2 protein chains.
Amino acid sequence: MKIGELAKLTGCSVQTIRYYEKEKLLASKRRSEGNFRLYDQSAVGQLMFIKNCRSLDLALSEVRQLIELNQSPGMHCDDVNKMIDNHIEQVEQRMKELEGLRRHLTSLRDSCSTNRTVEECGILRNLSAKQLENP
Amino acid sequence: MKIGELAKLTGCSVQTIRYYEKEKLLASKRRSEGNFRLYDQSAVGQLMFIKNCRSLDLALSEVRQLIELNQSPGMHCDDVNKMIDNHIEQVEQRMKELEGLRRHLTSLRDSCSTNRTVEECGILRNLSAKQLENP
DNA sequence: CTTGACTCTATAGTTACTATAGAGTTTAAA
DNA sequence: TTTAAACTCTATAGTAACTATAGAGTCAAG
């Protein structure tokens, strides 16, 4: 199949597939006479693997590591576990940050009611304050 | 004062200050004989305003809008309120996404115990699955 | 007068794509 | 058979908000 069909099957864009190839995450060995990329069913699997990883917010560098690991079936998979553990931590960390941010924004929003002018705006006054407390 | 002192006072890096100037978020009118940027106390305030906005994850384009608004003290500040409301929504949206991600990662992690080989690794097997359910 | 600390501009790199230009290829209809 | 549409190719630039570097100039102290 050609790149367009692979794109449709996997839900990736054509450019993205070419980008993954350039980044050595996906090999396309064969080309047609007219120099078009040709793929088989295994390419669908490889691309879905990448897509699944990306839906978990894994970086392409991490995906690359996983692909390499996948190629040594006999090795221990501790590194995979570590990577996922690490990722869970990062996600939880970011959630905490966002919770702080949310509280901060909400209290900022409460400092201004409607029908004020810019001059009176509590939000702008707060933003101009020398230092914003970091909760 | 020169750019290094401004950087120290505000906690921004020297390059960041120059970058803000290029992006027209911060004006530096005066230069020394030797072409060094010269700042006064008001620059500290302007830079802290930007820094405060950034600590709330406001985009530089939004900061630019706020700076412009700040220059028309008589106008209504509804746009400021809208921007912050909008931002709160975005933060909450991202928090929901991350919560889904966290659950997803956790259940993935549970699919593999220690002391397995890559071949047996539940995580890799799951990632290879044609479609990852999107909870 | 030279050393070191500072500053200047311009440029490239980061991440994971997306968008474009300009060219060639294939398929279908007129 | 021609031609038009739809597809593909490569190469390049853009995105956001910086950070890092090169190579040059400025300034104060010793």
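Heads up: the structure comes first, above all this text.
Here the structure is a predicted model, which means the values were calculated and not measured. (Residues numbered from 1 in each chain as written. Chains lettered and ligands numbered in written order. Predicted model: local features only at pLDDT ≥ 70, side-chain atom pairs only at ≥ 80, totals over all residues. Heavy atoms only, no water.)

### Focus on helix 4 (residues 60-70) of chain B
Logical step 1: Of all the positions in helix 4 of chain B, only Leu60, Glu62, Val63, Leu66 and Leu69 of chain B are classed as buried.
Logical step 2: Packed against the buried residues of helix 4 of chain B are helix 6 (122-128) of chain A together with helix 2 (14-22), helix 3 (41-55) and helix 5 (78-110) of chain B. (Buried < 20%, exposed > 50% of the residue type's maximum accessible area, 1.4 Å probe, protein only. Helix = DSSP H or I, 4+ residues; strand = E, 2+ residues; numbered from the N terminus. Contact = heavy atoms within 4.5 Å.)

### Concerning the packing of helix 1 (residues 3-10) of chain A against helix 3 (residues 41-55) of chain A
Residues and elements named next belong to chain A.
Logical step 1: It is at 10 Å that the axes of helix 1 and helix 3 come closest, and there the two elements cross at 50°. Between helix 1 and helix 3, the crossing angle belongs to the class labelled oblique. In the crossing of helix 1 with helix 3, the sense of the turn from one axis to the other is right-handed. Contacts between helix 1 and helix 3 involve Leu6, Leu9 and Thr10 on the former and, on the latter, Ala43, Val44, Leu47, Met48 and Lys51.
Logical step 2: Class assignment for the residues of the contact of helix 1 with helix 3 results in six nonpolar, one polar and one charged. (Axes fitted to C-alpha atoms, helices over the stretch in contact; angles between N-to-C directions. Parallel < 35°, antiparallel > 145°, perpendicular 65-115°, else oblique. Left-handed = near helix turned anticlockwise from the far one by under 90°. Nonpolar A, V, L, I, M, F, W, Y, C, P; charged D, E, K, R; others polar.)

### Remarks on unusual backbone geometry
Logical step 1: Of note, the phi angle at Lys24 of chain A is positive, near 60°, even though the residue is not glycine.
Logical step 2: By the secondary structure assignment, Lys24 of chain A is in the loop between helix 2 (14-22) and helix 3.

### Some words on the relation of the copies chain A and chain B
Between the two copies of this chain, the relationship is a rotation about some axis together with a displacement along it.
Logical step 1: Least-squares fitting of chain A to chain B yields an RMSD of 0.1 Å, with the superposition described by an axial translation of 0.0 Å and a rotation of 180°. Such a combination of rotation and displacement between the chain copies is what one expects of a two-fold axis. Looking at the rotation axis and the C-alpha trace of chain A, the residue lying nearest is Met95 of chain A, at 3.0 Å.
Logical step 2: A high fraction, 100%, of the interface residues of chain A reappear at the interface in chain B, so the copies pair face to face through one surface. (Least-squares fit on C-alpha atoms with pLDDT ≥ 70 in both.)

### Digging into the protein's contact with DNA strand D
Logical step 1: Lining the immediate environment of DNA strand D, one finds 18 residues, of which Gly4, Arg18 and Arg37 of chain A together with Thr16 and Arg54 of chain B sit closest.
Logical step 2: In the environment of DNA strand D, a phosphate oxygen lies 3.1 Å from a nitrogen or oxygen atom belonging to the side chain of Arg31 of chain A.
Logical step 3: Of all the secondary-structure elements, those providing two or more residues to the surface near DNA strand D are helix 1 of chain A together with helix 2 of chain B.
Logical step 4: When residues of the surface near DNA strand D are assigned to their parent elements, the largest contribution, four residues, is made by helix 2 of chain B.
Logical step 5: Counted by class, the surface near DNA strand D contains seven nonpolar, six polar and five charged residues. (Near = heavy atom within 4 Å. Polar contact = N/O pair within 3.5 Å; in protein donor to acceptor, adjacent residues only side chain to side chain.)

### Points about the packing of aromatic side chains
All names here are of chain A.
Logical step 1: With the rule as written, the count across this model stands at two aromatic pairs over all chains.
Logical step 2: The interplanar angle of 45° and the centroid separation of 6.2 Å between the aromatic rings of Tyr19 and Tyr20 together place this pair among those described as tilted.
Logical step 3: The exposure class assigned to Tyr20 is buried, which follows from its relative accessible area of 9%. (Phe/Tyr/Trp six-rings, centres within 6.5 Å; stacked < 30°, edge-to-face > 60°.)

### Considering the pattern of salt bridges
Logical step 1: Applying the stated criterion to the full structure yields 18 salt bridges over all chains.
Logical step 2: Arg37 of chain A is the salt-bridge partner of Glu21 of chain A, the closest N and O atoms lying 2.6 Å from each other. Of this pair, Glu21 of chain A sits in helix 2 while Arg37 of chain A sits in the loop between helix 2 and helix 3, and the two are 16 residues apart along the sequence. A single burial state applies to Glu21 of chain A and to Arg37 of chain A, both of which are buried.
Logical step 3: When salt bridges with common partners are traced through the structure, they connect Glu92 of chain A together with Glu99, Arg102 and Arg103 of chain B into a single cluster. (Salt bridge = Lys/Arg side-chain N within 4 Å of Asp/Glu carboxyl O.)

### Here's the deal with the interface of chain A and chain B
Logical step 1: Listed per partner, the contact involves 55 residues of chain A and 55 residues of chain B.
Logical step 2: When the two sides are added together, the surface that chain A and chain B hide from each other amounts to roughly 4900 Å², 69% of it contributed by carbon and sulfur.
Logical step 3: A per-residue breakdown of the area chain A buries against chain B is headed by Leu56, Leu105 and Val118 of chain A, which together make up 13% of the total.
Logical step 4: Run the count over chain A and chain B and you get six salt bridges.
Logical step 5: The interface formed by chain A and chain B includes 16 residue pairs in polar contact (both at pLDDT 80 or more).
Logical step 6: Secondary-structure elements contributing two or more residues to the side of chain A that touches chain B are helix 3, helix 4 (60-70), helix 5 (78-110) and helix 6 of chain A.
Logical step 7: In terms of residues, the side of chain A that touches chain B owes the most to one element, helix 5 of chain A, which gives 20 residues.
Logical step 8: Grouping the constituent residues of the side of chain A that touches chain B by class yields 26 nonpolar, 18 polar and eleven charged. (Buried area = accessible area lost by both parts, 1.4 Å probe.)

### Side note on the environment of Arg37 of chain A
Residues and elements named next belong to chain A.
Logical step 1: When the C-alpha positions of Arg37 and Ile67 are compared, they lie 21 Å apart, and in sequence the two are 30 residues distant.
Logical step 2: In this structure, Arg37 is in contact with Met1, Lys2, Ile3, Arg18, Glu21, Ser28, Arg30 and Arg31, ignoring residues within four places of it in sequence.
Logical step 3: Here Glu21 takes part through its side chain, which lies 2.6 Å from a polar atom of the side chain of Arg37.

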